[in-house]
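The primary structure of each chain is shown beneath.
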Amino acid sequence: MTRSPFFSLIIDESDDVALKKKLCICIRYIVDAIPRTSFVAFVELPNGQASTIINAVEKEVEKCKLDWSRLVGFASDGCSVMTGAHQGVAAKLKEKAPCMVATHCLAHRLALAAEGPLHDPAHKDMLTYLDTHFFVTLKQLYSYFDHSSVRTARMVDVCDKLNMAHKKIVLPSFTRWLSHDAVVRCIKELLPALISLFKEDDQRHDNHYAHGLLRCVTEYYFIASLLMFTEVLPSFARLSRIFQTASLDFSILDGEIRTLTDILMTLQKVSQILNLT
């Protein structure tokens, strides 16, 4: 690491299960003309302020005996603490290394780019539905079976009766398109079994939770949104995987982005016909 002509910092701040702030620090450097990334530290922080993060990063960089003049890149999740124009972590690091280029995590950028057009007033109704119903229902479907061996076992039985393969529903994350892709494909495949199970729970056990989920998953807009996302998300997931590769090949990005754009344009026309937007 110390022999590398340049290095970049990759950091991310988060809370652990005990609600303590943690900072993950990685350093990307060059070895024999090949970029390498090494985990450096996982530091507990007293708070999430930029000055606190800077102090923690400085200590770790000094432990690694790296020269600040060789810092050329900085990557974060793009929150204001990290990228603030004057007091952000990136701005403070740039004072030490004027040639440094700050990069906003591409996975987060992709999520923001996908969400951005929905803020157009023309799509207000669809945005409201997705925020207050569709994505909430996805999380509730996960919660219904999470940590419940009884419900999971009954779901397996229903799948067996319908000659369907059982799959575990995963929790979707806003910035993790791979999880979105997995959960919508899973729910699409399990939808007949889910409807059957919720009907049984509602009728036999007077389960109000199941009654509410049954009503949600049989709505026209839920099914239409589910089918739409199963068409869109595989391309988003593939693009996300490309962005997250260790050595990004820009030569294949153009074709993937064009393919995704064509899919979105086609679905936009279909959604207008179906009155989804």
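Quantities reported herein were computed from a predicted structural model and do not represent experimental measurements. (Residues numbered from 1 in each chain as written. Predicted model: local features only at pLDDT ≥ 70, side-chain atom pairs only at ≥ 80, totals over all residues. Heavy atoms only, no water.)

## Observations concerning the packing of aromatic side chains
One pair of aromatic rings is described through two measures. These are the centre distance and the angle between the planes. As a reminder of what qualifies: Between rings of Phe, Tyr and Trp, where Trp is taken as its six-membered ring, a pair exists when centres lie within 6.5 Å; planes separated by under 30 degrees are stacked, by over 60 edge-to-face, and by other angles tilted. Put simply, DSSP H or I for four residues or longer makes a helix, DSSP E for two residues or longer makes a strand, and each gets a number counted from the N terminus. Burial here depends on accessible area, computed with a 1.4 Å probe over protein chains only, as a share of the maximum for the residue type. Under 20% is buried, over 50% is exposed, and the range in between is partly exposed. Lysine and arginine charges are scored as sitting over a ring when NZ or CZ, respectively, is within 6 Å of the ring centre and within 35 degrees of the ring normal.
This model, assessed by the stated rule, comprises 8 aromatic pairs. Judged by centre distance (5.3 Å) and plane angle (20°), the rings of Phe134 and Phe229 are stacked. With Phe134 in helix 5 (residues 124-145) and Phe229 in helix 9 (residues 220-243), the pair connects residues that are 95 residues apart, well separated along the chain. Across the pair, Phe229 and Phe134 agree in class, each one buried. Aromatic pair Tyr144 and Tyr209: ring centres 5.1 Å apart, planes at 75°, arrangement edge-to-face. One end of the pair, Tyr144, is in helix 5; the other, Tyr209, is in helix 8 (residues 208-217), and 65 residues separate them in sequence. You can call Tyr209 partly exposed: its relative accessible area is 33%. One aromatic cluster is present, built from ring pairs that chain together Phe134, Phe135, Phe222 and Phe229. Here Lys96 stacks its cationic end above the ring of Trp68, 5.2 Å away from the centre of that ring. Between Arg151 and the ring centre of Tyr144, over which it is positioned, the NZ or CZ distance is 3.9 Å.

## Thoughts on the sheet that holds strand 5 (residues 101-104)
The line we're drawing: One requirement defines pairing of two strands: DSSP has to find at least two bridges between them. Lines fitted to the C-alpha atoms define the axes, with helices restricted to the stretch that makes contact. Angles between their N-to-C directions range from 0 to 180 degrees. Every residue pair with non-hydrogen atoms within 4.5 Å of one another is taken to be in contact.
In space, the 5 strands of this open sheet follow the order 3-2-1-4-5, with mixed pairing throughout. In this open sheet, the two edge strands, each paired with only one partner strand, are strand 3 (34-45) and strand 5. Between one strand axis and the next, the sheet turns by 20° as a mean value, whatever way the strands run. Across 4 bridges, strand 4 (residues 71-76) lies against strand 5 in parallel orientation. Within the sheet, the bridge partner assigned to Gly73 lies in strand 5 and is Val101. Relative to strand 3, helix 1 (residues 50-63) is tilted by about 125°, and along the sheet it contacts strand 1 (7-15), strand 2 (21-31) and strand 3. With respect to the sheet, helix 3 (residues 89-96) is in contact with strand 1, strand 4 and strand 5, its orientation differing from that of strand 4 by roughly 175°.

## Observations regarding the pairing of strand 1
Of the pairings in the sheet, the one linking strand 1 to strand 2 comprises 9 bridges and is antiparallel in character. Paired with Asp15 across the strands is Lys21, a residue of strand 2. Hairpin connection of strand 1 to strand 2: 5 residues between the antiparallel strands, including Leu19 at a positive phi of 65°. Taken together, the 4 bridges between strand 1 and strand 4 define a ladder with parallel strand orientation. When the sheet's bridge partners are listed, Ile10 is paired in strand 4 with Ala75.

## Things to note about unusual backbone geometry
Phi at His147 takes a positive value of approximately 60°, unusual for a residue other than glycine. Note on His147: relative accessible area 79%, which makes it exposed. At Asn163, a residue that is not glycine, the phi angle is positive and equals roughly 55°. With respect to the helices and strands, the residue Asn163 is situated in the loop between helix 6 (149-161) and helix 7 (177-205). Taking relative accessible area as the criterion, Asn163 reaches 73% and is therefore assigned exposed.

## Quick word on the nonpolar core
As a reminder, the rule being used: Definition of nonpolar core: a set of buried residues of the types Ala, Val, Leu, Ile, Met, Phe, Trp, Tyr and Cys, connected through side-chain atoms within 4.5 Å.
Counting 41 residues, the largest nonpolar core has Phe134, Ile169, Ile187, Phe198 and Phe222 as the members making the most contacts within it. Those elements that provide at least two residues to this core are helix 5, helix 6, helix 7, helix 8, helix 9 and helix 10 (253-273). Considering every element that reaches this core, the biggest residue donor is helix 7, with 11 residues. Residues within four places of Ile169 in sequence aside, it is in contact with Leu141, Tyr142, Phe145, Val183, Cys186, Ile187, Leu190 and Leu194.

## A closer look at the environment of Asp201
Defined as follows: Throughout this description, a polar contact denotes any pair of N or O atoms lying within 3.5 Å of each other; where both atoms belong to protein, one of them has to be capable of donating a hydrogen while the other can accept it, and for residues adjacent in sequence the pair is counted only when both atoms sit in side chains.
Mapped onto the fold, Asp201 is located in helix 7. In this structure, the C-alpha to C-alpha distance between Asp201 and His211, residues 10 residues apart in sequence, is 7.8 Å. Among residues more than four places away in sequence, those in contact with Asp201 are Tyr144, Arg154, Asp206, Asn207 and Ala210. Here Arg154 takes part through its side chain, which lies 2.5 Å from a polar atom of the side chain of Asp201.

## Digging into the environment of Asn47
Mapped onto the elements, Asn47 comes out in the loop between strand 3 and helix 1. Overall, Asn47 belongs to the partly exposed group, its relative accessible area being 24%. Separated by 27 residues in the primary sequence, Asn47 and Lys20 have C-alpha atoms spaced 8.8 Å apart. Sequence-distant contacts of Asn47, defined by excluding residues within four places in its chain, comprise Lys21 and Thr52. In this structure the side chain of Asn47 is engaged in a polar contact, spanning 3.0 Å, whose partner is the backbone nitrogen of Gln49. A polar atom in the side chain of Asn47 sits 2.6 Å from the side chain of Thr52.

Function-wise, these values are silent; they only describe arrangement.
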